[in-house]
Amino acid sequence: MNIRHQLTKRLTVGASAIVLSFGLAACSAQPGTAVIVDDEEYSEDVVSQTARELTDLSGNPFTPTDVVNLLTINKSVIAVGEKNNITLSGEDVRNSFAEVNDNLSDSSVEVLKTIHVANLLSQNIDEMTFSTQLRENQENLSIEVNPRYGKLTEEKFLSRPILDGVFDPLVQPGN
């Protein structure tokens, strides 16, 4: 039984080393970058700061993966909003939160704008129309995501990792 325990322990350590090496190799492809949408690049530091700001602002936990997810759909949500006469400026967002936090980062403003416009869309157009228009807009975007935040589906929506913030070696970029 002792030999079996040692063998299991060695296999576990070996598997952990392989997973770690895959994770490090995948992250080195985009060092410090969390997501790129078209030509806008968001660093891991910016994404983490945004998650902290949104958590403090809302009282609900926002993870960096939540932020990356919302940044990947931001341009599409805003475009669908404009198509349906629902617009919101960054200044509007800043003004509405000025009493709570008058120093929101630009990325926090973008995420809050995405959330608010998506909520207004869900109240003003049917779900099928919203979904179809969102999907059509996503197809036209160039999006790259650091694998630790998940991978993109064929429709260019984020598929989250099993463990938030941990690279999943079974999910290879581009698959």
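1. Side note on the sheet that holds strand β3 (residues 143-145)
Strand order in the open sheet formed by 3 strands is β2-β1-β3, and the pairing between neighbours is antiparallel. Strand pairing shows two members of the sheet lacking a second neighbour, β2 (40-43) and β3, which therefore form its edges. Averaged over all pairs of adjacent strands, the angle between strand axes in this sheet comes to 15°, irrespective of strand direction. Across 3 bridges, the pairing between strand β1 (residues 33-37) and β3 is antiparallel. If you follow Ile 36 over to β3, its bridge partner there is Glu 144.

2. Regarding the nonpolar core
In a soluble, globular protein the nonpolar side chains are often hidden away together inside. Membership of the largest hydrophobic core comes to 32 residues, with the highest contact counts inside it found for Val 35, Val 47, Val 67, Val 68, Leu 71, Leu 121 and Val 145. Mapped by element, the contributors of at least two residues to this core are β1, α2 (44-58), α3 (64-83), α5 (106-124), α6 (127-139) and β3. Among the elements that line this core, the one with the most residues is α3, at 8 residues. In contact with Val 35, not counting residues within four places along its chain, are Glu 40, Glu 41, Tyr 42, Val 68, Leu 71, Thr 72, Ile 143, Glu 144 and Val 145.

3. A look at the pattern of salt bridges
As enumerated under the stated definition, the model contains 5 salt bridges in all. Of the charged contacts in the structure, one is a salt bridge between Lys 75 and Glu 40, with a shortest N-O distance of 3.4 Å. Of this pair, Lys 75 sits in helix α3 while Glu 40 sits in strand β2, and the two are 35 residues apart along the sequence. On the basis of relative accessible area, Glu 40 is assigned to the partly exposed category, the value being 36%. Put simply, Asp 38, Glu 40 and Lys 75 are held in one network by salt bridges that share partners.

4. What to know about a negative patch on the surface
A grouping of Glu 136, Glu 139, Glu 154 and Glu 155 is seen on the molecular surface, where their side chains present a negatively charged patch. Mapped onto the fold, Glu 155 is located in the loop between β4 (151-152) and β5 (158-159).

5. So, the pairing of β2
With 4 bridges connecting them, β1 and β2 associate as antiparallel partners. Bridging across to β2, Val 35 finds its partner in Tyr 42. Once β1 ends, the chain turns through 2 residues before running back antiparallel as β2, passing Asp 38 with a positive phi of about 55°.

6. Here we look at the confidence of the model for the protein
For the protein, per-residue confidence averages 81 on the pLDDT scale, and 75% of positions sit at 70 or higher. Every residue in residues 2-29 scores below 50 in pLDDT, and together they form 8 contacts with partners more than four places removed in sequence or on other chains. A low-confidence stretch, residues 168-175 (pLDDT under 50), is modelled with 9 contacts involving residues beyond four sequence positions or located in other chains.

7. A word on the packing of α3 against α5
In a packed pair of helices, the relevant descriptors are the angle between the two axes and the axis-to-axis distance. The contact between α3 and α5 brings their axes to 8 Å, and the two run at 50°. If you check the angle between α3 and α5, you find them oblique. You can see that α3 and α5 cross each other, and the crossing is left-handed. Residues Val 67, Leu 70, Leu 71, Ile 73, Asn 74, Val 77, Ile 78, Val 80 and Gly 81 of α3 form the contact with α5, whose participating residues are Glu 110, Val 111, Lys 113, Thr 114, Ile 115, Val 117, Ala 118 and Leu 121.

8. Observations concerning the packing of helix α4 (residues 90-97) against α5
In the contact formed by α4 and α5, the axes pass within 9 Å of each other and the chain directions differ by 95°. Put simply, α4 runs roughly perpendicular to α5. Across the interface between the two elements, Gly 90, Val 93, Arg 94 and Phe 97 of α4 pack against Asp 106, Val 109, Leu 112 and Lys 113 of α5. Considering only residue class, the contact of α4 with α5 consists of 4 nonpolar, 1 polar and 3 charged.

Cut-offs applied
Counting restarts for each chain, with residues numbered from 1 along the sequence as it is written. Residues qualify for local features only when their pLDDT is at least 70, as the model is predicted, and side-chain atom pairs are given and counted only at 80 or more; totals for whole chains, interfaces and linings, by contrast, use all residues. The side-chain numbers reported here are obtained from all heavy atoms of the structure, hydrogens and water having been left aside. If DSSP finds at least two bridges between two strands, the strands pair. Strands are runs of DSSP state E lasting at least 2 residues, helices are runs of H or I lasting at least 4, and numbering of each runs from the N terminus. Angular values range over 0 to 180 degrees, each being the angle between N-to-C directions of two axes fitted as lines to C-alpha atoms, with helices fitted over their stretch in contact. Put simply, a nonpolar core is a bunch of buried Ala, Val, Leu, Ile, Met, Phe, Trp, Tyr and Cys residues held in one set by side-chain atoms that sit within 4.5 Å of each other. Exposure is judged per residue with a 1.4 Å probe applied to protein chains only, and the accessible area is read against the type maximum: over 50% gives exposed, under 20% gives buried, and values in between give partly exposed. Contacts were defined at the residue level, with two residues in contact if any of their heavy atoms lie within 4.5 Å. Basic side-chain nitrogens of Lys or Arg form a salt bridge, by our definition, when they fall within 4 Å of a carboxyl oxygen of Asp or Glu. Each patch is built from residues lacking any salt bridge and having more than 30% relative accessible area; the joining distance is 9 Å for like charges and 5 Å for nonpolar side chains (Val, Leu, Ile, Met, Phe, Trp, Tyr). Only the protein chains shown count as cover for residues, with accessible areas throughout obtained via the Shrake-Rupley method and a probe of 1.4 Å. His residues and chain termini do not enter the charge count, which takes Lys and Arg as positive and Asp and Glu as negative. Lysine's charge is taken at NZ, arginine's at CZ, aspartate's at CG and glutamate's at CD. The quantity called pLDDT is the predictor's confidence in a given residue, expressed from 0 to 100. Throughout, the term roughly parallel applies to angles under 35 degrees, roughly antiparallel to angles over 145, roughly perpendicular to angles from 65 to 115, and oblique to all others. Crossing chirality is assigned from the near helix's rotation relative to the far helix, an anticlockwise turn below a right angle marking it left-handed and a clockwise turn marking it right-handed. Side-chain classes follow a simple rule in which Ala, Val, Leu, Ile, Met, Phe, Trp, Tyr, Cys and Pro form the nonpolar group, Asp, Glu, Lys and Arg form the charged group, and the remainder, Gly included, forms the polar group.

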